[in-house]
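# Notes for the structure review
In case you want the letters, here they are:
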Amino acid sequence: LYGCSLVTSSDKTHTMHGDHKSAGIIPLAVKDIFSMIQDTPDREFLLRVSYLEIYNEVINDLLDPAGQNLRVREDSEGTYVEGIKEEVVLSPAHALSLIAAGEEHRHVGSNNFNLLSSRSHTIFTLIIESSSRNVECEDREVTLSQLNLIDLAGSESSKTETTGLRRKEGSYINKSLLTLGTVIAKLSDGKASHIPYRDSKLTRLLQSSLSGHGRVSLICTITPASSNAEETHNTLKFAQRAKRVEMYAAPNKIFDEKSLIKKYQKEILRLKQELEQLRQGICDKPYSVTNDEEDLYILRQQLEAG
């Protein structure tokens with residue numbers, strides 16, 4: 001999980017996304033993942049992504065404009081967003097094109113410090129499933145990894161002199177960042193009996209990662225402007241507390257049908273078996289007139305597509 005925090009107009013979004021001259025954290029991470037996949041030929045991989053924003057405490061799907069005001073659900077494996085669109089990606093360019101498309105729907109606006117200030121937090125999630133290519137093993141376990149790449153909107157003080165909608169947006173941003181700071185403070189203390197994850201959508205979605213079940217890298221950006229001295233000080237204190245949070249990450253193994261790669265593997269195996277049966281039938285009855293050839297052609301197309 002990469003996070004960027006906390007002062008407005010301190011190049012958080014630039015750090016995460018970069019530009020045409022210098023790639024940011026997100027494109028570099030995506031390219032690195034596909035590079036690691038190429039260096040691991042003994043395993044099969046399936047990658048799917050989602051991209052959402054939290055705007056005024058409302059979750060919107062950036063890959064599907066119709067997905068507005070989505071709800072957070074919880075199951076035995078943690079929290080998730082109900083109805084979020086997931087896309088299977090085949091290359092770094094494919095993943096980055098989805099990010100670019102999603103950015104077109106993100107809420108941005110101007111304030112006294114920035115013409116294109118982020119008015120929402122975004123979470124780009126990359127889910128990686130992998131399993132051994134050893135087809136002789138009938139019950140191949142699937143390893144599941146989830147990478148959350150997060151771009152936080154910056155906190156805003158009264159110095160921004162916003163009004164109307166911008167002030168409302170700033171209020172929601174500040175509240176969610178305050179909750180994140182409270183959660184980090186309680187986690188770093190190690191003695192708190194209650195952690196207020198549910199006080200904001202951001203911390204609830206990050207509960208699994210923040211509670212120690214993942215590895216976290218947090219990038220805190222600051223500005224040298226003297227007018228932001230207080231915000232800079234608060235950001236450094238936040239970073240200091242975050243460093244004290246203990247993490248106990250462990251590999252996630254999946255054995256059930258919730259694994260998408262396992263579903264694909266079983267479907268491909270089924271189609272191969274049906275194809276072989278059809279071939280056998282054609283060899284046994286070379287002169288019979290049936291629809292086998294048409295069925296065989298359809299199965300071949302499904303197999304090649306699958």
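The shown structure was predicted, so the numbers you read here are calculated from the model rather than taken from an experiment. (Residues numbered from 1 in each chain as written. Predicted model: local features only at pLDDT ≥ 70, side-chain atom pairs only at ≥ 80, totals over all residues. Heavy atoms only, no water.)

## Re the nonpolar core
- If you look at the biggest cluster of nonpolar residues, it comprises 26 residues, and the most contacted ones within it are Leu52, Ile59, Ile123, Leu205 and Leu210.
- Elements with a minimum of two residues in this core: β2 (43–55), α4 (164–189), α5 (201–205) and α7 (229–242).
- The greatest single-element share of this core, amounting to 6 residues, is contributed by α4.
- Met16, Phe34, Ala95 and Ile99 belong to the second largest nonpolar core, which has 21 residues in total. (Core = buried A, V, L, I, M, F, W, Y, C linked by side-chain atoms within 4.5 Å. Buried < 20%, exposed > 50% of the residue type's maximum accessible area, 1.4 Å probe, protein only. Helix = DSSP H or I, 4+ residues; strand = E, 2+ residues; numbered from the N terminus.)

## A word on the packing of helix α2 (residues 25–38) against helix α3 (residues 92–103)
- Put simply, α2 and α3 touch, their axes get as near as 9 Å, and they point 150 degrees apart. By the angle between their axes, α2 is roughly antiparallel relative to α3. For the crossing formed where α2 meets α3, the hand is right-handed. Taking contact as the criterion, the partners of Ile26, Pro27, Val30, Lys31 and Phe34 in α2 are, on α3, Pro92, Ala95, Leu96 and Ile99.
- Along the lines of polarity and charge, the residues of the contact of α2 with α3 split into 8 nonpolar, no polar and 1 charged. (Axes fitted to C-alpha atoms, helices over the stretch in contact; angles between N-to-C directions. Parallel < 35°, antiparallel > 145°, perpendicular 65-115°, else oblique. Left-handed = near helix turned anticlockwise from the far one by under 90°. Contact = heavy atoms within 4.5 Å. Nonpolar A, V, L, I, M, F, W, Y, C, P; charged D, E, K, R; others polar.)

## Concerning the pattern of salt bridges
- Evaluated as defined, the whole model comprises 8 salt bridges.
- Put simply, Arg48 and Glu129 hold a salt bridge, and the shortest N to O gap is 2.7 Å. Note that Arg48 is positioned in strand β2 and Glu129 in strand β9 (residues 121–132), a separation of 81 residues in sequence. As far as the burial class goes, Arg48 and Glu129 line up, both buried.
- Where Glu74 meets Arg198, a salt bridge forms, and the shortest distance between an N and an O atom there is 2.9 Å. Of this pair, Glu74 sits in strand β4 (residues 72–75) while Arg198 is found in the loop between α4 and α5, placing the two residues 124 residues apart along the sequence.
- Salt bridges sharing partners connect three or more residues here, namely Arg48, Glu86 and Glu129. (Salt bridge = Lys/Arg side-chain N within 4 Å of Asp/Glu carboxyl O.)

## Some points on unusual backbone geometry
- Positive phi values are uncommon outside glycine, yet Asn56 reaches one of about 50 degrees.
- Mapped onto the secondary structure, Asn56 falls in the loop between β2 and β3 (58–61).
- Here Asn56 falls in the buried class, since its relative accessible area comes to 13%.
- Backbone geometry places Glu57, a non-glycine residue, at a positive phi of 65 degrees.
- By the secondary structure assignment, Glu57 is in the loop between β2 and β3.
- Here Glu57 falls in the partly exposed class, since its relative accessible area comes to 21%.

## Focus: α2
- Here α2 is 14 residues long and its end C-alpha atoms lie 20 Å apart, about the 20 Å a rise of 1.5 Å per residue gives.
- Within α2, burial applies to Ile26, Pro27, Ala29, Val30, Ile33, Phe34 and Ile37. Looking down the long axis of α2, one finds its buried residues gathered within 165 degrees of arc, a one-sided arrangement. What points out from α2, more than 90 degrees from its buried face, is the exposed set Met36 and Gln38.
- Residues of α2 that are buried in the fold lie against α1 (12–17), β2, β6 (87–89), α3, β9 and β10 (142–151). (Expected span 1.5 Å × (residues − 1). Arc of directions from axis to C-beta.)

## Let's talk about the pairing of β3
- Direction of pairing for β2 relative to β3: antiparallel, over a ladder of 4 bridges. Bridge pairing links Leu52 to Asp61 in β3.
- Between the antiparallel neighbours β2 and β3 lie 2 residues, among them Asn56 with a positive phi of about 50 degrees. (Pairing = 2+ DSSP bridges.)

## With respect to the packing of α4 against α7
- One can describe the packing of α4 onto α7 by two numbers: an axis separation of 8 Å at closest approach and a directional angle of 40 degrees. When the axis of α4 is compared with that of α7, the two are oblique. With respect to the hand of their crossing, α4 and α7 are arranged in left-handed fashion. Side by side, α4 and α7 meet where Leu180, Gly181, Ile184, Ala185 and Ser188 of the first sit next to Phe238, Arg241 and Ala242 of the second.
- Here the contact of α4 with α7 is built from residues that sort into 5 nonpolar, 2 polar and 1 charged.

## A short note on the confidence of the model for the protein chain
- Across the protein chain, pLDDT averages 81, with 76% of residues at or above 70.
- Per-element confidence in the protein chain is highest for β3, whose mean pLDDT is 97, and lowest for strand β1 (residues 2–6), whose mean pLDDT is 49. (pLDDT = per-residue confidence, 0-100.)

## Brief notes about the environment of Thr13
- Positionally, Thr13 belongs in helix α1.
- With a relative accessible area of 26%, Thr13 lands in the partly exposed category.
- In this structure the C-alpha to C-alpha distance between Thr13 and Gly154, which are 141 residues apart in sequence, comes to 9.6 Å.
- Discounting residues that sit within four places of it in the chain, Thr13 has contacts with Gly18, Arg106, Ser118 and Asp151.

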